[in-house]
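Notes for the structure review
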Amino acid sequence: MSIQQQQIDAYWRDGFVVVPSVFTREEIDGVRSMIFRLYTRFVPDDARFGGLREPWNDPRFDAAMCELRAREPKKFGALYDCAQGSLELLRFLTHGRAVDVAARVLGERAGDLSFSGLMLRMDVPEDRRNVLTWHQDRAYYPQNYNDGGRGLVYSVALQDITEEMGALHFSVGSHRAGLIEPESGVKRDYHTTEQRAVPAEAVARYPEARGACRKGDVVLIHMDVFHRSGHNISDRIRFSALFRYHRMLADDYVPFGLLYQYNPYMIDCAKAVAGGGAN
Ligand SMILES: O=C(O)CCC(=O)C(=O)O
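A brief structural summary. From a predicted model like this one, the values you see are computed outputs, not experimental measurements. (Residues numbered from 1 in each chain as written. Predicted model: local features only at pLDDT ≥ 70, side-chain atom pairs only at ≥ 80, totals over all residues.)

Most often, soluble globular proteins keep nonpolar side chains buried together rather than apart. In terms of nonpolar packing, the biggest core is built from 57 residues, with Leu152 and Leu220 touching the most fellow members. Here Leu220 is in contact with Tyr11, Phe16, Val17, Val19, Val105, Leu152 and Tyr154, once residues within four sequence places are set aside. (Core = buried A, V, L, I, M, F, W, Y, C linked by C-beta atoms within 7 Å. Buried ≥ 20, exposed ≤ 12 C-beta atoms within 10 Å, placed from the backbone. Contact = placed C-beta atoms within 7 Å.)

This is the structure in structure tokens:
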């Protein structure tokens, strides 16, 4: 399903909107099954999943991923990093219907958009390391340097996301404040998310809402709206696929390059197998 005019109006009024059923169950299964295949690359003989038709949708898969994270955090981190570079994920977020939703909201031709911030979040229960505090995305992604309305954040729910699972929080209407100087910009280590926080007194000026949504829904987020991760107090992982779209022909568009960071654990693993065979 594409986006309706009243949803576009709500987006510009509130700074965010949930657009229902943009992605089909089959499309989401494509991404979720890719995560499962990565799991089997790191945990090859987990007998729990032998007879299951869709192990990636089974609660035992969430439990197994949480166990891996607790037992072998480096492997979990490697799995996570592998997923970020997946072609399946890129295809999922760039097929025609997906892009059309962003293009319509931004009033731009799909072919004149650029993208950044491709990400597959895996928010495990009770995590504190990678939850984002109140922030604006333009503080991280200034591709449209002067106007947060020329880009947007696109977050796809890969299962239902309830408040208990950590649905996003929003300061309704806060995008009208423009970009606010963030409080800090520290990234403690390779696996910790950098925080560029909006000061609490700015957040306090706006009413708060939460973006609970269903599997396949998209949450569209204005680049300047204050928002934060919810706390996942459920026993499921909150999987979401994220992307940023930017208007590339706008006069404030700043092109960019990426500095690749390579997963240190996987470099060690690759060195250990070097010379071990032609494959
Ligand atoms: O999904 C989340 O928990 C936070 C995502 C977010 O706010 C962002 O990437 O800007």
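Here helix 2 (residues 25-42) crosses helix 5 (residues 87-94) at 160°, and the two axes come no closer than 9 Å. If you check the angle between helix 2 and helix 5, you find them roughly antiparallel. Between helix 2 and helix 5 lies a crossing of left-handed hand. Contacts between helix 2 and helix 5 involve Glu27, Gly30, Val31 and Met34 from the former and Glu88, Leu89 and Phe92 from the latter. Grouping the amino acids of the contact of helix 2 with helix 5 by side-chain chemistry returns 4 nonpolar, 1 polar and 2 charged. (Axes fitted to C-alpha atoms, helices over the stretch in contact; angles between N-to-C directions. Helix = DSSP H or I, 4+ residues; strand = E, 2+ residues; numbered from the N terminus. Parallel < 35°, antiparallel > 145°, perpendicular 65-115°, else oblique. Left-handed = near helix turned anticlockwise from the far one by under 90°. Nonpolar A, V, L, I, M, F, W, Y, C, P; charged D, E, K, R; others polar.)

Once that is clear, we can look at the site of the ligand. Close to the ligand lie Arg121, Asp123, Leu132, Asp137, Val153, Ser155, Leu168, His227, Ser229, Ser240 and Leu242. At the level of secondary structure, the elements contributing two or more residues to the shell around the ligand comprise strand 2 (113-123), strand 3 (151-157) and strand 8 (238-247). Residue classes in the shell around the ligand are distributed as 4 nonpolar, 4 polar and 3 charged. (Near = placed C-beta within 6 Å.)

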